[in-house]
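# Geometric and topological summary
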Amino acid sequence: MKAILCTGFGPPETLSLADIAAPQPGPGELAVTVTACALNFFDTLIIEGKYQYRPDFPFSPGAEIAGVVKAVGEGVAGFRPGDRVIGYLGWGGCREEVVAGVDKFVALPAGLDDAVAAGLTVTYGTTLHALKGRARLQPGETLAVLGAAGGVGQAAIEIGKLLGAKVIACASSDDKIEFCKALGADEGFNYASGDLKEGLKRLTGGNGVDVVYDAVGGDLSEPALRAIAWRGRFLVVGFAAGSIPKIPLNLVLLKGCDIVGVFWGDHIAREPESHRADMAQLLDWAAAGRIRPHIHKRYSLAETPQALQALAAREIKGKAVVVP
Ligand SMILES: NC(=O)c1ccc[n+]([C@@H]2O[C@H](COP(=O)([O-])OP(=O)(O)OC[C@H]3O[C@@H](n4cnc5c(N)ncnc54)[C@H](OP(=O)(O)O)[C@@H]3O)[C@@H](O)[C@H]2O)c1
């Protein structure tokens, strides 16, 4: 079978397309033919050795997949060859077949497109955990999303609206803001051409925002925190800008607000029941058309390096998906 391999840490152009032996499922495992592998920003980091997980070489990037069960290992109940599934693997998805423990997979309801379903787990899972579980976002509250046109960003717009919030999408171009409004954002703010603190204050009539969803970090975090409302919650989701901001703690005192960490990878390991409930909710919403993750582009397996380059260059709106 064909696989994209990372044989040493480096940029996307150092990845190679190789023929390798198809893996066989061991006890408790499924072998799955991959129909789609959704990419995430952290795939650009994991291949460079800059992420919290450093897999052994050779490995494939790609954390989340959709596919069809090809074979089941000894002792597996609940799945049969031919079943459609989605799965979260952490890495290893950019290949024609994968093998992993049965607990990594969830059955995929009929009618959901594979490329769309492949990208539901990480970005929408993180965001439901963040907005509902960590921020306890309430109907009528105001939610500001930084990096709103990206993967977790589009999830925050869609889930924020479903939870009843007024959503302010913040992004680096007017084109991205238009995309966010088409996804359902009530307001938009271009932080490349205006002052984020002033913009968020203006759009909330001076009150500030109740919840900030920050997947960007860098120079944007502090102005966003300065625009938070009394008793606001500031969600620390990621640092796509590449630098981790240092926050003056007096702001937290003066606002009576909370800075709340979001670590989905540990959440699903430590609180698997909550994760399962979130996935059931997300699949229900997707099957009912209440969330509609946008696919920016479908790439072939051989085009995986170009897809990762586009993610790193901030060119992707919604999700980039590899279709082996
Ligand atoms: N905490 C968790 O459990 C968790 C889970 C999943 C992901 N994350 C993190 O969330 C962040 C976003 O992930 P994603 O997959 O949604 O990424 P993405 O699709 O690439 O979106 C990231 C957005 O960040 C903005 N950005 C600002 N500076 C950037 C830069 N120098 N390079 C790239 N993007 C930049 C871009 O929007 P503009 O151009 O509009 O600024 C881009 O749309 C990552 O840091 C990821 O590791 C965290």
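Please refer to the structure placed before this passage.
Residues numbered from 1 in each chain as written. Predicted model: local features only at pLDDT ≥ 70, side-chain atom pairs only at ≥ 80, totals over all residues. Heavy atoms only, no water.

Counted as a void, the largest pocket has a volume near 1400 Å³. In this structure, the largest pocket is lined by 50 residues; those nearest its centre are Phe41, Ala215, Gly238, Phe239 and Ala240. Elements with a contribution of two residues or more to the lining of the largest pocket: helix 1 (41-46), helix 3 (121-134), helix 4 (151-162), helix 9 (264-270), helix 11 (304-312) and strand 15 (319-322). The class makeup of the residues in the lining of the largest pocket is 28 nonpolar, 17 polar and five charged. Together, 31 residues line the second largest pocket, and Tyr88, Leu89, Asp103, Lys104 and Phe105 are the ones closest to its centre. Listed by contribution, the elements that provide at least two residues to the lining of the second largest pocket are strand 5 (84-88), strand 6 (97-101), strand 7 (105-107), helix 9 and helix 10 (272-287). (1 Å grid on protein atoms, 1.4 Å probe; cavity = no way out; pocket = protein on both sides within 12 Å on 5 of 7 lines; lining within 4 Å. Points joined across faces, edges and corners; volume = space filled by probe spheres on them. Helix = DSSP H or I, 4+ residues; strand = E, 2+ residues; numbered from the N terminus. Nonpolar A, V, L, I, M, F, W, Y, C, P; charged D, E, K, R; others polar.)

The subject of this paragraph is the pairing of strand 8 (residues 142-146). Of all five residues that make up strand 8, five are buried, and the element is covered over most of its length. What you see with strand 8 is no split at all: Thr142, Ala144 and Leu146 on one side and Leu143 and Val145 on the other are buried throughout. The pairing of strand 8 with strand 9 (residues 166-171) spans five bridges and is parallel. When the sheet's bridge partners are listed, Leu146 is paired in strand 9 with Cys170. With respect to chirality, the unit in which strand 8 leads through helix 4 into the neighbouring parallel strand 9 is right-handed. Of the pairings in the sheet, the one linking strand 8 to strand 11 (residues 209-214) comprises four bridges and is parallel in character. (Buried < 20%, exposed > 50% of the residue type's maximum accessible area, 1.4 Å probe, protein only. Pairing = 2+ DSSP bridges. Right-handed = clockwise from strand over helix to strand, strands pointing away.)

A word on the site of the ligand. For the ligand, the set of nearby residues contains 25 residues, the closest of which are Val152, Ser172, Lys176, Tyr191 and Val262. Between the ligand and the protein, one listed contact pairs an oxygen atom with a backbone N or O atom of Gly151 at 2.8 Å. A distance of 2.7 Å is found between a nitrogen atom of the ligand and a backbone nitrogen or oxygen belonging to Val262. Isolated, the ligand exposes 910 Å² of accessible area, and the fraction of that covered by the protein chains is 91%. Taken atom by atom, the bulk of the ligand overlaps the largest pocket. Classifying every residue of the shell around the ligand gives 16 nonpolar, seven polar and two charged. (Near = heavy atom within 4 Å. Polar contact = N/O pair within 3.5 Å; in protein donor to acceptor, adjacent residues only side chain to side chain. Areas by Shrake-Rupley, 256 points an atom, 1.4 Å probe, with all protein chains shown as cover. Sits in = over half its atoms within 2 Å of the grid points.)

To continue, consider the packing of helix 3 against helix 4. The N-to-C vectors of helix 3 and helix 4 enclose an angle of 50°; their axes lie 8 Å apart at closest approach. Overall, the two elements helix 3 and helix 4 adopt an arrangement that is oblique. Where helix 3 crosses over helix 4, the handedness of that crossing is right-handed. Contacts between helix 3 and helix 4 pair Thr123, Tyr124, Thr127, Leu128 and Leu131 from the former with Gly151, Val152, Gln154, Ala155, Ala156, Glu158, Ile159 and Gly160 from the latter. In terms of residue class, the contact of helix 3 with helix 4 is made up of seven nonpolar, five polar and one charged. (Axes fitted to C-alpha atoms, helices over the stretch in contact; angles between N-to-C directions. Parallel < 35°, antiparallel > 145°, perpendicular 65-115°, else oblique. Left-handed = near helix turned anticlockwise from the far one by under 90°. Contact = heavy atoms within 4.5 Å.)

What follows deals with the nonpolar core. Membership of the largest hydrophobic core comes to 48 residues, with the highest contact counts inside it found for Leu131, Leu143, Tyr213 and Leu235. The greatest single-element share of this core, amounting to five residues, is contributed by helix 10. Beyond its immediate chain neighbours, meaning those up to four positions away, Leu143 contacts Leu131, Leu137, Ala156, Gly160, Ala165, Lys166, Val167, Ile168, Val211 and Tyr213. Counting residues in each nonpolar core, the second largest holds 37 residues, with Ile4, Leu39, Val69 and Phe79 among its members. (Core = buried A, V, L, I, M, F, W, Y, C linked by side-chain atoms within 4.5 Å.)

Remember that the coordinates give geometry; whether it matters functionally is a separate question.
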